[in-house]
Amino acid sequence: MSLYDLHNAKLNEMEGEGFAYSQKTVYGKSYKGVFFGENGDAIEQLADEDEDATFEGILYDRSREREKSFSVEVTDVISTPSGERADFVATEKP
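Residues numbered from 1 in each chain as written. Predicted model: local features only at pLDDT ≥ 70, side-chain atom pairs only at ≥ 80, totals over all residues. Heavy atoms only, no water.

## With respect to the packing of aromatic side chains
- Inspection of every chain in the model, using the stated rule, returns 7 aromatic pairs.
- On the numbers, 4.4 Å between centres and 20 degrees between planes, the contact of Y4 with Y60 is stacked. Placement of Y4 in the segment before β1 (7-11) and of Y60 in strand β4 (residues 53-61) is noted, with a sequence separation of 56 residues between them.
- Here Y4 falls in the partly exposed class, since its relative accessible area comes to 24%.
- With relative accessibility at 9%, the residue Y60 sits in the buried group. (Phe/Tyr/Trp six-rings, centres within 6.5 Å; stacked < 30°, edge-to-face > 60°. Helix = DSSP H or I, 4+ residues; strand = E, 2+ residues; numbered from the N terminus. Buried < 20%, exposed > 50% of the residue type's maximum accessible area, 1.4 Å probe, protein only.)

What follows is the structure, encoded as structure tokens:
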């Protein structure tokens, strides 16, 4: 996996930084990403909910960098010095 830059992003209207990227699997492409935000409680709540969140930000796909908005499922939340980090997977093709 290449190293990607953080960009301004939103997760369910929550401001922060993050990015998404494509990854080849045996089943085709999957899309994953990370989001860093200040509101840890709101991010934790997204991980606990059964509903999808909406990610708005940069998607790295092959050598392209595009602004996209798509539904995601928050799979993990980790506390970091930069704020709360939410790991997510796309639930629809961006």
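## Regarding the pairing of β1
- Judged from the 5 bridges that link them, β1 and strand β2 (residues 14-25) form a sheet pairing that is antiparallel. Residue pairing for β2: H7 is matched across the bridge by G18.
- Note that β1 and β4 share 2 bridges and pair antiparallel. When the bridges of β4 are listed, L11 appears paired with F55. (Pairing = 2+ DSSP bridges.)

## Regarding the side chain of E84
- With respect to the helices and strands, E84 occurs in strand β6 (residues 83-90).
- No salt bridge is formed by the buried E84; the nearest opposite charge belongs to R85, separated by 9.7 Å.
- The contacts of E84, once residues within four sequence positions are left out, are F35, F36, G37, G40, I43, V77, I78 and S79. (Lys, Arg positive; Asp, Glu negative; His and termini not counted. Salt bridge = Lys/Arg side-chain N within 4 Å of Asp/Glu carboxyl O. Contact = heavy atoms within 4.5 Å.)

## Notes on the side chain of D61
- Assignment of secondary structure puts D61 in strand β4.
- Here R66 takes part through its side chain, which lies 3.4 Å from a polar atom of the side chain of D61.
- Ignoring anything within four residues of it in the chain, the contact list for D61 reads S22, K29, Y31 and R66. (Polar contact = N/O pair within 3.5 Å; in protein donor to acceptor, adjacent residues only side chain to side chain.)

Function cannot be inferred from these measures alone, as they are strictly geometric.
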